[in-house]
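# Examining the three-dimensional arrangement
Residue strings, one per chain:
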Amino acid sequence: MLNRSLPGILAAVLALALWAGAAGHWPQAHLPTPLAVLAALEKAAASGELWRHLAATLGRVVVSFVLAMSLGTAVGCLLGRSPLINRLFGGWLLVLLNLPALVVIILAYIWFGLTEAAAVFAVALNKLPHVAVTVREGSRALDPALEEMAIVFQWSRWRRLRHILLPHLVPYLFAAARSGLALIWKIVLVVEMLGRSNGVGFQIHLLFQVFDVAGILAYSLAFIAVIQAVEWGVLRRWEARCVRWRG
Amino acid sequence: MCGGGVDLTIERKQFGDRLILQRFALCVRAGEAVALTGPSGRGKSTVLRIVAGLDRDFHGQRQLDQAVRVTMVFQEPRLLPWRTARQSLLLCQPPGGAEAVAAMLQAVGLAGAEDLYPAQMSLGMQRRAALARALVMQPDLLILDEAFASLDQTTAEAMRALLRSERQRRPFTLLMATHSPDDLALVDRVVAL
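Residues numbered from 1 in each chain as written. Chains lettered and ligands numbered in written order. Predicted model: local features only at pLDDT ≥ 70, side-chain atom pairs only at ≥ 80, totals over all residues. Heavy atoms only, no water.

### Considerations on the sheet that holds strand β8 (residues 189-192) of chain B
All names here are of chain B. Note the following rule: Any two strands with at least two DSSP-identified bridges between them are counted as paired. Secondary structure elements follow DSSP: runs of H or I of four or more residues count as helices, runs of E of two or more count as strands, with numbering from the N terminus. Geometry is summarised by axes, namely lines fitted to C-alpha atoms with helices restricted to the contacting stretch, and by angles between N-to-C directions that run from 0 to 180 degrees. Should any heavy atoms of two residues lie within 4.5 Å, those residues are counted as being in contact.
Ordered by their spatial adjacency, five strands build an open sheet running β5-β6-β7-β3-β8, and the pairing between neighbours is parallel. Of all the strands in the sheet, the pair left with one neighbour each is β5 (70-73) and β8. For this sheet the average axis-to-axis angle between neighbouring strands, irrespective of direction, equals 15°. With four bridges joining them, β5 and strand β6 (residues 141-145) adopt parallel strand pairing. The partner of V70 across the bridge, within β6, is L141. Packing against the sheet, helix α1 (residues 44-52) makes contact with β3 (33-37), β5, β6 and β7 (173-177), and its axis sits at approximately 150° to β6.

### Remarks on the environment of D183 of chain B
Residue and element names in this part refer to chain B. Structurally, D183 can be placed in the loop between β7 and β8. Separated by 85 residues in sequence, D183 and A98 have C-alpha atoms that sit 30 Å apart. Among all residues touching D183, those that are not within four sequence positions of it are F148, R160, M176 and T178.

### Observations regarding the UniProt feature "transmembrane region" (unreviewed entry) in chain A
Residue and element names in this part refer to chain A. Our working definition: UniProt positions are given in the numbering used here, feature names are shortened, and annotations may be inferred rather than shown by experiment.
Those residues carrying the UniProt feature "transmembrane region" (unreviewed entry) are residues 58-79, 91-112 and 206-230 in this numbering. Taken end to end, residues 91-112 comprises 91% helix and 0% strand; its first and last C-alpha atoms sit 25 Å apart. The span residues 206-230 is 88% helix and 0% strand, and its two end C-alpha atoms sit 27 Å from each other.

### Observations regarding the interface of chain A and chain B
When the parts of a complex come together, some accessible area is lost, and that lost area is often used as the size of the interface. Our working rule: Simply put, the buried area is the total loss of 1.4 Å probe accessible area from both parts when two parts are fitted together. Here, a salt bridge means any Lys or Arg side-chain nitrogen found within 4 Å of an Asp or Glu carboxyl oxygen. Think of a polar contact as two N or O atoms within 3.5 Å of one another; within protein, one of them needs to be a possible hydrogen donor and the other a possible acceptor, and neighboring residues in sequence only count if both atoms come from side chains. Polarity classes work like this: nonpolar for Ala, Val, Leu, Ile, Met, Phe, Trp, Tyr, Cys and Pro, charged for Asp, Glu, Lys and Arg, and polar for all others, with Gly in that last group.
Between chain A and chain B, the contact holds 18 residues from the first and 23 residues from the second. Summed over both sides, the interface between chain A and chain B buries roughly 1,900 Å², with carbon and sulfur atoms accounting for 67% of that surface. Inspection of the chain A/chain B interface yields two salt bridges. Here E148 of chain A and R78 of chain B are joined by a salt bridge, their closest N and O atoms 2.8 Å apart. For the pair chain A and chain B, the interface holds seven residue pairs in polar contact (both at pLDDT 80 or more). Elements with a minimum of two residues in the side of chain A that touches chain B: α7 (144-152) and α8 (157-195) of chain A. When grouped by side-chain class, the residues that make up the side of chain A that touches chain B number 10 nonpolar, three polar and five charged.

Listed below in structure tokens is the structure:
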């Protein structure tokens, strides 16, 4: 256990040392020391502000993540299973993939107002095409031999979906989920900065206006920690359980 | 009609430009056991796939009673990688339920291996599970595509004995493609391709 986590610990110590060393040569206002950031973190935590904003951001991440994953999976399956639908709408996906996140966010705010729904919609729409493309490739990779078996044994559509397509897609879904989590929380911050009155993104925007770099780093690191905890505590364990059958 | 069995006429079957079968007729009466033999590439598997309804892209006619329950053992086991042997059988919703599944897995020699995933089984075990899946459904027509190939002699003979006793207990139509002379003792008639 220790041997396996040792390189990670070493890398973290090295990063802290480099940071502390660089902070010694730069003005404190531009690059505060790790201890100054820790102090800012403690202060924000003690006042309760940190938790309030983390919770707001995490809530948006969760809702838009679930939306993007479920809709993206449905779209990806449709495109992957039907060449006709893929020829018709595959191009839309390409356009969405290349649409800058900022454009989607601004348009959503203009069309739907500065609302929570618009914010979550904009984030989900940014992630949806990535999920759809991954799932589309996954659906295409399904072994037709298994489908033939299901046809001969007269499985219903639902049973084929539930016991053939979805289990086959599990590794693809986890790949999409992991890259999705990382992408979504970054976009949520932009959404909060542009049109919300709470959340880590909103708070960073305020701190930017008063040039509080320690505060900016404190909030960023806190949320990175949250996302890492979700990744290692939930996603990795869940995935390991789902692919036990690999033997 | 061939007495409630399989009535197949293939005028022509091509893969692209390659002609596989021409003017081929097959009539299997209900309850009859027929083996297709012949060198590889003559279209044995193609005939089986057409009978099973997996390949409808041919010139000709296939008549099979709608009520006939068809099961098949493919050349490869085709078990679901993410389901155990027991789950794979249960998912087909066999008439006898969980009890029949347990009994059938025992009959093919997989007692104790019911909860293994295909990746944890040898190819021979997977093939036996595939045979169990086809038999537990109590088919009216069982299609075997080289089902006993690559099993060791003893196991292959045990599987043949099981098939024989299952057919004695509850007669069903059998259509098999085979290379092995040992399989021919199972059938009433041999069709050379």
